[in-house]
Amino acid sequence: MNLLVLRFSAMGDVALMAPALIAVAAKYTNIQLTVVTRGNYAPFFYNIPNVHVIGINLKKYKGLSGLYRLFKELNKLGPYEKIVDLHSSVRSRFISFFFWVRGVSVFRIIKGRREKMRQIRRTRKVLRKLPHTVDRYLKVFEKAGFPAVVRKGPWINVDPESKIYAKDFLLARKIDKKEGLWVGYAPFAGHKLKEWPLEKSLELLKLLKEEFPNIRIFLFGSSQEAVQMEEWRNGDQSMTIVSGGKLGIRGELGIMERMDVIIGMDSSNIHIAALLKRPVIALFGTTHPLSGFAPFGQEDTGVLQIEDLPCRPCSIYGNTTCYRKDFACMERITPEDVIKRINVIKNINTLF
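The structure contained in this document is the topic of the report that follows.

Rules used in this analysis
- Numbers given for residues are sequential positions, taken from 1 along each chain in its written order.
- Reporting of local features is limited, given that this is a predicted model, to residues whose pLDDT is at least 70; pairs of side-chain atoms are given and counted only at 80 or more, and all residues count toward the totals for whole chains, interfaces and linings.
- Heavy atoms from the whole structure form the basis of all side-chain values; hydrogens and water molecules are not counted.
- The helix count covers DSSP runs of H or I at least four residues long, the strand count covers runs of E at least two residues long, and both are numbered beginning at the N terminus.
- The globule rule used for comparison is 2.2 Å times the number of residues to the exponent 0.38, while the radius of gyration itself is calculated over C-alpha atoms.
- For every residue, the accessible area (1.4 Å probe, protein chains only) is compared with the maximum for its type, and the residue is labelled buried under 20%, exposed over 50%, or partly exposed between those bounds.
- Throughout, a residue-residue contact means that at least one pair of heavy atoms, one from each residue, lies within 4.5 Å.
- Within this scheme the basic residues Lys and Arg register as positive and the acidic residues Asp and Glu register as negative, but His and the chain ends are omitted.
- Taken as the charge location is NZ of Lys, CZ of Arg, CG of Asp or CD of Glu.
- A cavity here means a set of 1 Å grid points, computed over protein atoms only, where a 1.4 Å probe fits but cannot escape. A pocket is an open set with protein on both sides within 12 Å along at least 5 of 7 lines, and lining residues have an atom within 4 Å of a point.
- Grid points are joined across faces, edges and corners, and a volume is the space filled by probe spheres set on the points.
- Classes in brief: Ala, Val, Leu, Ile, Met, Phe, Trp, Tyr, Cys and Pro nonpolar; Asp, Glu, Lys and Arg charged; the others, Gly included, polar.
- The rule for pairing is simple: two strands pair if DSSP sees at least two bridges between them.
- A fitted line through C-alpha atoms serves as each axis, taken over the contacting stretch for helices, and the angle formed by two N-to-C directions is quoted from 0 to 180°.
- Nine residue types can take part in a nonpolar core, namely buried Ala, Val, Leu, Ile, Met, Phe, Trp, Tyr and Cys, and a core is a set of them joined through side-chain atoms within 4.5 Å.
- A pair is scored as a salt bridge if a Lys or Arg side-chain nitrogen falls within 4 Å of a carboxyl oxygen belonging to Asp or Glu.

## With respect to the overall build of the protein
Move 1: What the protein contains, in helices and strands, is 13 helices and 11 strands.
Move 2: Computed over its C-alpha atoms, the radius of gyration of the protein comes to 21 Å, within 12% of the 20 Å expected for a compact globule of 352 residues.
Move 3: Structurally, the protein occupies a C-alpha span of about 65 × 55 × 40 Å along its principal axes.
Move 4: When burial is assessed residue by residue, the protein has 55% of its 352 residues classed as buried.
Move 5: Considering only contacts within the protein whose residues lie at least 6 apart along the sequence, 66% involve residues at least 24 apart.
Move 6: Across the protein, the mean location of the 55 positive side-chain charges is 9 Å away from that of the 33 negative side-chain charges.

If you want it as structure tokens, here you go:
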């Protein structure tokens, strides 16, 4: 049996398919899972049995005619017994509709938009824990007739090529062996309101070096964000910039798996690091982990937030403005809070 699984974006949401796919593939060894997503996301699913990734460039399939052409190309690679739509976007709905017309059953994710809207309204908030994105994915497979339980992580396996990219990257910067504490910091997010204020990032970098003298800091960001990070680094040899634009996702995974702890915003870097089972510290302000986007497997120690603000959350994705005008949810998280959490994580890790 061949299941066609659809999820095109965003990066973090695509990566979060990995635990669900591993769970289903491990339990049902007689099925084939054909995953359709953006081509550069394929490394997230390396070495998952019976999972075949079809990487596509969505720019080649614009408009309804482009989606129909994509459907016909996918159909030739079938047949598929069921369609598992883990995106429920306009694009995935059209593609699954074309298959449905051909008599293929379609099972689609329920995103819980109504419950999420109750969380972010200004008055009469209903802030209860919603299913994690991974659980929502598993629910779709269950409706399709394949219930499964999440297995022990890590849920992203780093392939040999990624390790080679990482090694070459480090050697080119004269880092030939790991010494001291390696800390990753991903200060950026898809929306500005999910990011920590600039001065707090700079203060954190200073405190990290004071608190942990034998530290190496890796700054993660895009090629566009690398300019900002170079200003922060200012020639400091204890800092290394990891730009996804130059390395690609493969190389970034190879470096990320070497980190002792990774600090970041509510963004794809944190989700990917958690799936690699690296200790994370995710700063949540505008958004909230109870909306179903907490670092997977680290919902407690991996979250740093101000819990007694009645305005939180004011957004599910961070694409809004602060109606209080003081950005209290992020301003009240201090660099000292991050340092304390690192020490907590270090102490936890010494217990195992």
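Read on, since the account is not over.
## A closer look at empty space enclosed by the protein
Move 1: Scanning the model with the defined rule gives 1 cavity of 30 Å³ or more in all.
Move 2: One number sums up the size of the largest cavity: a volume of about 80 Å³.
Move 3: Lining the largest cavity are Gly285, Thr286, Cys311, Arg312, Cys314, Cys322, Tyr323, Arg324, Ala328 and Cys329.
Move 4: Of the residues in the lining of the largest cavity, the class split is 6 nonpolar, 2 polar and 2 charged.

## A word on helix 2 (residues 17–27)
Move 1: Within helix 2, 9 of the 11 residues are buried, which leaves it mostly tucked inside the rest of the structure.
Move 2: Along helix 2, the positions that sit buried rather than exposed are Met17, Ala18, Pro19, Ala20, Leu21, Ile22, Ala23, Val24 and Ala25.
Move 3: Turning to helix 2, the residues buried within the fold contact strand 1 (2–6), helix 1 (11–15), strand 2 (32–38), strand 3 (51–56), helix 6 (133–143) and helix 11 (268–275).

## Examining the layout of surface pockets
Move 1: In this structure, the largest pocket encloses a volume near 1,000 Å³.
Move 2: Contributing to the lining of the largest pocket are 36 residues, with Ala10, Met11, Gly12, Ser267 and Ser268 lying nearest its centre.
Move 3: Put simply, the parts of the chain that give the lining of the largest pocket at least two residues each are helix 1, helix 6, strand 7 (215–221), helix 10 (244–256) and helix 11.
Move 4: Taken together, the residues of the lining of the largest pocket sort by class into 15 nonpolar, 12 polar and 9 charged.
Move 5: Looking at the second largest pocket, its volume works out to about 330 Å³.

## Remarks on the sheet that holds strand 1
Move 1: Here 5 strands make up an open sheet; going across it, the order is 3-2-1-4-5 and the pairing parallel. Two strands bound the open sheet, and with one partner strand each, they are strand 3 and strand 5 (105–108). Along the sheet, successive strands turn relative to each other by an average axial angle of 20°, direction set aside.
Move 2: Relative to strand 5, strand 4 (residues 82–85) runs parallel, the two sharing 4 bridges. When the bridges of strand 5 are listed, Asp85 appears paired with Arg108.

## A few points about the nonpolar core
Generally speaking, a soluble globular protein has its nonpolar side chains buried in company with each other.
Move 1: Membership of the largest hydrophobic core comes to 64 residues, with the highest contact counts inside it found for Leu33, Phe44, Phe45 and Phe141.
Move 2: No other element matches the 8 residues that helix 2 contributes to this core.
Move 3: Discounting residues that sit within four places of it in the chain, Leu33 has contacts with Asn2, Leu3, Val5, Leu21, Val24, Ala25, Asn50, Val51, His52 and Phe141.

## Observations regarding unusual backbone geometry
Move 1: Cis geometry marks the peptide bond from Ser9 to Ala10; its omega dihedral reads -10°.
Move 2: In this structure, Ala10 sits in the loop between strand 1 and helix 1.
Move 3: Note that the residue after Gly78, namely Pro79, is joined by a cis bond; omega there is 5°.
Move 4: Secondary-structure assignment places Pro79 in the loop between helix 3 (63–76) and strand 4.
Move 5: Of note in this structure, Asn50 is not a glycine but carries a positive phi near 65°.
Move 6: Topologically, Asn50 is positioned in the loop between strand 2 and strand 3.
Move 7: Not every positive phi belongs to a glycine, and Lys325 is a case in point at roughly 75°.
Move 8: On the basis of relative accessible area, Lys325 is assigned to the exposed category, the value being 70%.

## Some remarks on the pattern of salt bridges
Move 1: Tallying each qualifying case throughout the model produces 13 salt bridges.
Move 2: Put simply, Arg108 and Asp85 hold a salt bridge, and the shortest N to O gap is 3.0 Å. Here the residue Arg108 occupies a position in strand 5, and Asp85 occupies one in strand 4, the gap between them amounting to 23 residues.
Move 3: Linking Glu142 and Lys139 is a salt bridge whose minimum nitrogen-to-oxygen distance equals 3.7 Å. Of this pair, Glu142 and Lys139 are both found in helix 6, 3 residues apart, which corresponds to roughly one turn of the helix.

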